[in-house]
Amino acid sequence: MSLPLSHYKILVLGILWWSNLFPQSYKDIPFVQDRSIQFEKQKTNSRLLGVKTDSNKNINVLSSQGLLSPWEKKLKPNSQYRPLENQKVIAIETYKNQFYYLTQKAVLSNTFGGKFYIEHGLENPILLGMGKNESFLILTENDLFFFNKKGQLNISLDLNEKPLSIKFDNKANRYLILTSKHLYEFIIQDQLLKKVYNGSGFSSLEQYMGKIWVGSNQGIHRLNALNFDLEKIIEQLPHNEITSLKNIDGALWAGSTRGAFKFRTDGKYDYYASKRWLWDDEVIAIEKGPDQSVLILTRNGLSQIVFEPMTLEQKASYFQEIQRKRHIRYGLESSVKLRVPGDLSTLELIDTDNDGLWTSMYLVSELFRYAVTQSEDAKRNALEAFVAMERLSTISGIKGFPARTYEIDSYQKSNWNKDSSYGTWKKANDQRWVWKTTTSSDESCGHFFVYALFVEIIEEEQWKNRAIQLIKKQMDHIIENDWYLVSWNGKPTRWGRWHPDYVNSFPLQVGDRRLNSTLILTFLQTAYYFTKEEQYRDHALNLSRLHGYEKNACRPASVIGYEEGQYLSDGWNHSDDEMYFLTAPAFVKYAFDKDSRQRHLKTVASHWEIERSEKNPLWNFLYASSGGKDFDLEESIWWLKEYPLDLIDWKIENKHRKDLKKVASNFRKQEYVEVLPRDERPHHLHNRAYRNNGGSGGFKEYSPYIYLLPYWAGRYVKAIEPAPSIKE
């Protein structure tokens, strides 16, 4: 299909622009992606006590009312071995990856013909520890009993306090026994029980990296394995009330009353807490699970943390399916509310103030996907979303004024009370529909952002022209209304204001002066770039010459700060960052001359420098598309890898953590020295940086475009290369 010369030039210039920018790239090889599979306890009066798995991938959960197994998101009674149903199982251990059970009467296993069955003859046994050659140790409330490999009682000793944990040290041929106040060593050869370490509040015991680790209610005691000397009490942990310790494949895991965490080699921790990861946060036991998974038993359920190879593109495909299945309303990107917390079957699609902006960001993800892969599915989705956004600009009946959103009358959700007047909602010409007024600069930013890229990427002339007309009509509306968005009542909206009296009323330190100057200049640049109508260039030059807009826009972002008593100056506005970076590529690329492009890139770079600590790949890749050479590719990939697969808005807290280094109170509201990975924080949009605590408790699902846009932006600017095996 042939293109008009002007559109062909746009396409060629666009290709040349992107191709010269990016020396950095990441090859999308599989990484390890974690996710949680959860199983709920059925009986509320049942206590969960322990969990084990065997070489056949069976999982046994010990409860106060018998053995359970995970099945279809529930912990259900295990009736696999019928003889066990009639016995009270007190403890489960594994020996050579097979189950061994302690009952009131015997120690037994169902492996190798079921021949291992030793009646112990003890009253009230509580713990079992398997040793070498099927020897074992049984602990009662106050005593210790060792049985040799022939199943004969070899020795009994007084312990005189209740044991909590038992660990066989194969290398030293000894048992370590923990009580709430003491650590004991039982040396089998000497048949000697020694008290080797004292303390209080002990809970758990493990061997790791040649040391003995003792969990307590005030952290973890690390002991020398030879002489039991205390080397360190580790208290700077995600939570220091420890309930469980487990060495799993050379990595130490700890359970606490507020979640579980894994020790990393860099001295940090992978923290698993909240309903995103665990049925509840009160950890009882941690064990190795099938297929390199980790089993975390809590008071009310079992969570299996699964680790699977996945590429960033496979992750994008996973999110793409969710986006289309659950987050599209009339072609617009849609927020999702859950009537029952965490239950996706109760979802409902709801309108928001910023449906235009969120849809523009989703639509651009589809445009980037189409540009990179030539997927007809991506193109079809992009065209559908474009038509939905186009309707935002027509349903109001006001030329060039885009509605915030629209809905069938009486089904609108945001700012709506059925018993009140329509308020911010107005009837459309089609009386079946209503549209939302009060459109803001956020919305205008989204419209100009997406329409420019739509013209650059979609090939067909008729579609390009429709997008250019939307740019023109919205730009003309602002110009004809004296640099305001003017709604149905003839008045400017609260946040759609670019008039010099408004923009220059702010001191230099207030970000709105710089941002609004940047926005309106970019809108005018975009309109001129695609229409070549001189009026748009003239207006931009006049705003700059007469009112200092170019000077405002080109000030470094470092000028933004607190101005006492000044409106909009109480803290850094991260929504402004979103508008700024969505605008930045056009601000640079569509500048009127080379000198302007250089000035614009310099000020964009100053903004990006301030934002680097967020490690946000969307900001980084949009900065790259503006011309930035070093755009923190490694940090961007880290963010994408750490983004959780579970999109439900669970309540998540980090304020109790002792492992995080805080910074002094600051204007940007940054709380810690380093931003936390996204899978340890509450879900939030790109405009809510540093959010470490919060969440609705499972009453909403966040939209997948939050991942999809930065991923496909990375692909579009060639910062991310697909794995060799993935064919585009």
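Check the entry above for the structure.
Note that the coordinates shown come from a computational prediction; the quantities given were computed from them, not determined experimentally. (Residues numbered from 1 in each chain as written. Predicted model: local features only at pLDDT ≥ 70, side-chain atom pairs only at ≥ 80, totals over all residues. Heavy atoms only, no water.)

J.: Mind showing me how you'd approach the packing of helix H7 (residues 461–480) against helix H10 (residues 534–547) here?
T.: Pairs of packed helices are described in terms of their axes, by the angle between the two and the distance that separates them. It is at 12 Å that the axes of H7 and H10 come closest, and there the two elements cross at 45 degrees. Here H10 runs oblique to H7, going by the angle between their axes. Here H7 runs over H10; the crossing is left-handed. Residue-level contacts link Lys-472, Met-475, Asp-476 and Ile-479 of H7 to Gln-535, Tyr-536 and His-539 of H10. In terms of residue class, the contact of H7 with H10 is built from 3 nonpolar, 2 polar and 2 charged. (Axes fitted to C-alpha atoms, helices over the stretch in contact; angles between N-to-C directions. Helix = DSSP H or I, 4+ residues; strand = E, 2+ residues; numbered from the N terminus. Parallel < 35°, antiparallel > 145°, perpendicular 65-115°, else oblique. Left-handed = near helix turned anticlockwise from the far one by under 90°. Contact = heavy atoms within 4.5 Å. Nonpolar A, V, L, I, M, F, W, Y, C, P; charged D, E, K, R; others polar.)

J.: Would you mind showing me how to read the pairing of strand E18 (residues 192–198) here?
T.: Taken together, the 6 bridges between strand E17 (residues 182–187) and E18 define a ladder with antiparallel strand orientation. Along E18, the bridge assignment pairs Phe-186 with Leu-193. The turn joining E17 and E18, which pair antiparallel and follow one another in sequence, is formed by 4 residues; a positive phi near 50 degrees is taken by Gln-191. (Pairing = 2+ DSSP bridges.)

J.: Whenever I open this one, the sheet that holds strand E7 (residues 89–95) confuses me. Can you help?
T.: Across a sheet, paired strands are connected by hydrogen bonds in the backbone, their directions being either parallel or antiparallel. An order of E7-E8-E9-E10 is seen for the 4 strands of this open sheet, with the pairing classed as antiparallel. The open sheet terminates on both sides in strands that have one partner only, identified here as E7 and strand E10 (117–119). Geometrically, the sheet is characterised by an average inter-axis angle of 15 degrees between neighbouring strands, direction not taken into account.

J.: Would you mind going over the nonpolar core with me for this structure?
T.: Generally speaking, soluble globular proteins have nonpolar side chains that are buried together. Residues Met-475 and Ile-520 are the most contacted members of the largest nonpolar core, which totals 117 residues. For Met-475, the residues in contact, after removing those within four places along its chain, are Phe-448, Trp-483, Ile-520, Phe-523, Leu-524, Ala-527 and Tyr-536. Grouped together as the second largest cluster of nonpolar side chains are 15 residues, Tyr-100, Leu-102, Leu-122 and Ile-138 included. (Core = buried A, V, L, I, M, F, W, Y, C linked by side-chain atoms within 4.5 Å. Buried < 20%, exposed > 50% of the residue type's maximum accessible area, 1.4 Å probe, protein only.)

J.: Which parts of the structure should I look at to understand the packing of helix H9 (residues 511–531) against helix H12 (residues 574–589)?
T.: For the pair H9 and H12, the least separation of the axes is 9 Å and the interaxial angle reads 40 degrees. Comparing their axes, H12 and H9 come out oblique. Here the hand of the crossing between H9 and H12 comes out left-handed. Taking contact as the criterion, the partners of Asp-512, Arg-514, Leu-515, Thr-518, Leu-519, Thr-522, Gln-525, Thr-526 and Tyr-529 in H9 are, on H12, Asp-576, Met-579, Tyr-580, Thr-583, Ala-586, Phe-587 and Lys-589. Tallied by class, residues from the contact of H9 with H12 come to 7 nonpolar, 5 polar and 4 charged.

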